[in-house]
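# Topology and contacts: notes
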Amino acid sequence: MNEQTKEQAVDNFVSREIFACQTSLVEESLRQQLFSVDEIYNLYREFDGKLLTPNVCVTCKLEFSCLDSETGECENCFEGNQEPQEIFEWWLVSSWLGKKLLLEGEPVIDNGYGVWWGRTTTGQAISMDYIIEKIYSDVMGYISK
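Residues numbered from 1 in each chain as written. Predicted model: local features only at pLDDT ≥ 70, side-chain atom pairs only at ≥ 80, totals over all residues. Heavy atoms only, no water.

Further remarks concern the overall build of the chain. A tally of helices and strands in the chain yields five helices and five strands. The secondary structure elements of the chain, listed N-terminal to C-terminal, are α-β-α-β-α-β-α-β-β-α. Each of the three principal axes of the chain carries a C-alpha extent, and together these read 45 × 45 × 25 Å. The buried share among the 145 residues of the chain stands at 34%. (Helix = DSSP H or I, 4+ residues; strand = E, 2+ residues; numbered from the N terminus. Buried < 20%, exposed > 50% of the residue type's maximum accessible area, 1.4 Å probe, protein only.)

Written out as structure tokens, the structure reads:
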């Protein structure tokens, strides 16, 4: 598949699975306590243990067999310093995509009103987000096999 065709295919995928930006609705629902912050799955990113070298924690300076790939911290330091993921936008998504995003560690609200993805990037087309390209590629790779 050439680059332009792939780009169009990802855009079509986004059009099918992502319905509307509802940032104001979700934020107001949280303020009015119609939704609870406790309903946000993956608000805090999990320690991934993927960084093998260097094996020295950037915070405590001790050696470990693996560190978090984003922060360079050991699990104890990671847990102690962890902050919620910064959510810039809330998008109403299909339940199928919501499950995929949830499995990838993305913030998701899934309640009786709908499924929303808390987008942690902004300033570019959604089809260019790493996580969307990854899910699309994973699905298409599975289908083409």
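Residues Ile18, Leu101, Trp117 and Ile132 are the most contacted members of the largest nonpolar core, which totals 18 residues. No other element matches helix H5 (residues 130-144), which puts five residues into this core. Dropping the residues within four chain positions of it, Ile132 is found in contact with Val10, Phe13, Val14, Ile18, Leu101, Trp117, Ile126 and Ser127. If you look at the next biggest cluster of nonpolar residues, it comprises seven residues, including Val26, Ile40, Leu43 and Trp116. (Core = buried A, V, L, I, M, F, W, Y, C linked by side-chain atoms within 4.5 Å. Contact = heavy atoms within 4.5 Å.)

The next point concerns the pairing of strand S4 (residues 108-111). Relative to S4, strand S2 (residues 40-41) runs antiparallel, the two being bridged by two bridges. Residue pairing for S4: Tyr41 is matched across the bridge by Val108. Hairpin connection between S4 and strand S5 (residues 114-119): a loop of two residues separates the two successive antiparallel strands. (Pairing = 2+ DSSP bridges.)

With that settled, consider unusual backbone geometry. If a residue is not glycine, its phi is most likely negative; likewise, a peptide bond is most likely trans. The step from Thr53 to Pro54 runs through a cis peptide bond, and the omega angle for that step is -5°. Phi is positive for Gln33, close to 65°, though the residue is something other than glycine.

Before going further, it helps to examine the pattern of salt bridges. According to the stated counting rule, one finds seven salt bridges in the structure shown. Here Glu28 ties to Arg31 by a salt bridge, and the two come within 3.2 Å at their closest N and O atoms. Placement of both Glu28 and Arg31 in helix H2 (residues 23-31) is noted, with a separation of three residues, approximately one turn of the helix. Using a relative accessible area of 34% as the deciding quantity, one classes Glu28 as partly exposed. The partner of Arg119 in a salt bridge is Asp129, with the nearest N and O atoms 2.7 Å apart. Placement of the pair is Arg119 in strand S5 and Asp129 in the loop between S5 and H5, with a sequence separation of 10 residues. Overlapping salt bridges bring together Arg45, Asp68 and Glu70 as one network. (Salt bridge = Lys/Arg side-chain N within 4 Å of Asp/Glu carboxyl O.)

Turning our eyes to something else, we now look at H2. The periodicity of an α-helix, 3.6 residues per turn, causes residues three or four positions apart to be oriented the same way. Buried within H2 are the following residues: Thr23, Val26 and Ser29. Projection of H2 onto a plane perpendicular to its axis shows the buried side chains occupying an angular sector of 140°, all on one side. Away from its buried face by more than 90 degrees, H2 exposes Ser24 and Arg31. Residues of H2 that are buried sit in contact with strand S1 (18-21), strand S3 (89-93), S4 and S5. Gln33 sits one or two positions beyond H2 and adopts a positive phi of about 65°. (Arc of directions from axis to C-beta.)

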